[in-house]
Amino acid sequence: MSQSNIVTHRDSFPALANKAYFNYGGQGVLAQKTIAAINEAFEYVQQHGPFGLKTNAWVSQIAQQTRQSIAQELGVEASTITLTEDVTVGCNVALWGLDWQPGDHILLTDCEHPGIVAAIEEIKQRYRVTSSVVPLLKTLQGEDAVELITTHLRPSTKLVVLSHVLWNTGQILPLAAIGTAVKAYHAAQEIRLLVDAAQSVGMLPLNLTELVGVDFYAFTGHKWCGGPEGVGGLYVSPAARESLRPTFIGWRSLSYEAATGGGLLTDGRQYEVATSAYPLYAGLTAALELHNNWGSPATRYQQIIKLAAYLWHGLQTIEGVTCLLTAPPQSGLVAFQLAGVDPDQAVQLLENQSIFVRSIVEPSSLRAGVHYFTSEAEVDRLLTAVRGLL
């Protein structure tokens, strides 16, 4: 797409006015079309009655439409999708739904989000399972991620937890190779693979049916998808669904009304619970449609890595800047360090100039995220401000 096309497209996002925004890995920006879809949906519900036959029929329709839109992004059947609030909820559905036994082992990496780490710690306490950590930060020095993970597997390993795109460094893990290696490991029990997809859905072109061994894939709509906060999802493979029980059960989990003693549904809806803010579903559906109207997932991804390379190369020219990755990133996340400048202080100083990045604790660094509609002028503005900080 031409740069003029990008400029026109950017005008669809009110939040991008008068600022340089690089925090898509934390929360994306809403297009005016997305905001309108949410508002219209709330108005529709109120107009027809929040709890009436017409509204209830609309709720079923928009929920299924949202599942279908998400499934299309992931390359899977809509029946495999559970609608959740965010990544953390999706991960918790998978974590708490397994049949844990004393002595079971969980393998996670040193690049997982604190919320997931905390959930695993609670499971360890409650069920007397063990865990260990793969030092994936070593891959910054060139070590092989697949080999590192497989050497840490044990006969008692029941679950491997990792991120598709590492939130702190921007690296993309070779998920297909890892899944194949995990499933090939000769363990006392089948090993399940839970993927934190917070930074991949909406950024990478995906076809989960080609990723052998991925059992659970938890994601959100409010980051790279540009949807509202409060809507996410979980993919559960058909094979893994047989061993994953619901931790919470509500009327949305059941095949018919709870009052009649109905059984659980047999698809992804069995992990859904009860009433949600359904107009937000309309917002996510509108956001996905907007992005796909601009270009295919593959086209958008190529634009993302082109801009990430532009930022990475620009940072390389500034004395006192060290990029965590030694080559241009294959994701939209660019992590870097500034000599003698505290990351938290740098975030504040940049935001004072209406430039939005974030700090990362481990490794101590700054993280900037570029989307397909980020402009080169925005990147140049960030590079100029970084020079000023040094």
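See the structure shown above.
Nothing here was measured: the structure is a model prediction, and the numbers come from that model.

Novice: Honestly, the overall build of the protein in this entry has me stumped. Any pointers?
Specialist: Regarding its fold elements, the protein presents 12 helices and 13 strands. In terms of C-alpha radius of gyration, the protein reaches 22 Å, essentially the compact-globule figure of 21 Å for 390 residues. Its C-alpha atoms give the protein principal-axis dimensions of about 70 × 55 × 35 Å. Counting all 390 residues of the protein, 56% fall into the buried class. Intrachain contacts of the protein at a sequence separation of at least 6 include 70% that bridge at least 24 residues.

Novice: So what exactly am I meant to see when it comes to the layout of surface pockets here?
Specialist: Taken as a whole, the largest pocket encloses approximately 730 Å³ of empty space. Elements with a minimum of two residues in the lining of the largest pocket: α2 (32–48) and α3 (53–74). Here the lining of the largest pocket is composed, by residue class, of 14 nonpolar, 8 polar and 5 charged.

Novice: Honestly, the packing of helix α11 (residues 343–351) against helix α12 (residues 376–389) in this entry has me stumped. Any pointers?
Specialist: Relative orientation and spacing of two packed helices are given, respectively, by the angle between their axes and the distance between those axes. As a packed pair, α11 and α12 sit with axes 11 Å apart at the nearest point and diverge in direction by 125 degrees. Considered as vectors, α11 and α12 are oriented oblique to each other. Regarding α11 and α12, the two cross each other, and that crossing is right-handed. On the side of α11, the interface is formed by A346, L349 and L350, while α12 contributes L382, A385 and L389. Along the lines of polarity and charge, the residues of the contact of α11 with α12 split into 6 nonpolar, no polar and no charged.

Novice: Is there a simple way to think about empty space enclosed by the protein in this case?
Specialist: Sizing a probe to match a water molecule and rolling it over the atoms shows the empty space that remains. Counted by the stated rule, this structure contains 2 cavities of 30 Å³ or more. The volume enclosed by the largest cavity comes to roughly 50 Å³. The wall of the largest cavity is formed by I70, E73, V201, F219, T220, G221, C225, L284 and L288. When its volume is computed, the second largest cavity comes out at roughly 30 Å³. Lining the second largest cavity are T169, W312, C323, L324, L325, P329, L333, V334 and A335. By residue number, the principal contributor to the lining of the second largest cavity is strand β10 (residues 333–338), which donates 3 residues.

Novice: Sorry, what's going on with the pattern of salt bridges here?
Specialist: Once the charged atoms of two side chains with opposite charge are near each other, the side chains can pair. As enumerated under the stated definition, the model contains 13 salt bridges in all. K33 is the partner of E289 in a salt bridge, and the nearest nitrogen-oxygen pair spans 3.4 Å. Pair noted here: E289 is in helix α9 (residues 279–294) and K33 is in helix α2, with a separation of 256 residues, a long-range link. In this structure E289 comes out as partly exposed when scored by relative accessible area, which is 42%. Classification of K33 as partly exposed rests on a relative accessible area of 35%. Two residues, R252 and E272, come together in a salt bridge whose shortest N-O distance is 2.8 Å. Remark: E272 occurs in the loop between α8 (238–241) and α9 and R252 occurs in the loop between α8 and α9; sequence separation between them is 20 residues. Neither R252 nor E272 differs from the other in exposure class; each is buried.

Rules of the game
- Residues numbered from 1 in each chain as written.
- Predicted model: local features only at pLDDT ≥ 70, side-chain atom pairs only at ≥ 80, totals over all residues.
- Heavy atoms only, no water.
- Helix = DSSP H or I, 4+ residues; strand = E, 2+ residues; numbered from the N terminus.
- Rg over C-alpha atoms; globule rule 2.2 N^0.38 Å.
- Buried < 20%, exposed > 50% of the residue type's maximum accessible area, 1.4 Å probe, protein only.
- Contact = heavy atoms within 4.5 Å.
- 1 Å grid on protein atoms, 1.4 Å probe; cavity = no way out; pocket = protein on both sides within 12 Å on 5 of 7 lines; lining within 4 Å.
- Points joined across faces, edges and corners; volume = space filled by probe spheres on them.
- Nonpolar A, V, L, I, M, F, W, Y, C, P; charged D, E, K, R; others polar.
- Axes fitted to C-alpha atoms, helices over the stretch in contact; angles between N-to-C directions.
- Parallel < 35°, antiparallel > 145°, perpendicular 65-115°, else oblique.
- Left-handed = near helix turned anticlockwise from the far one by under 90°.
- Salt bridge = Lys/Arg side-chain N within 4 Å of Asp/Glu carboxyl O.

So yeah, pure geometry; function would need other evidence.
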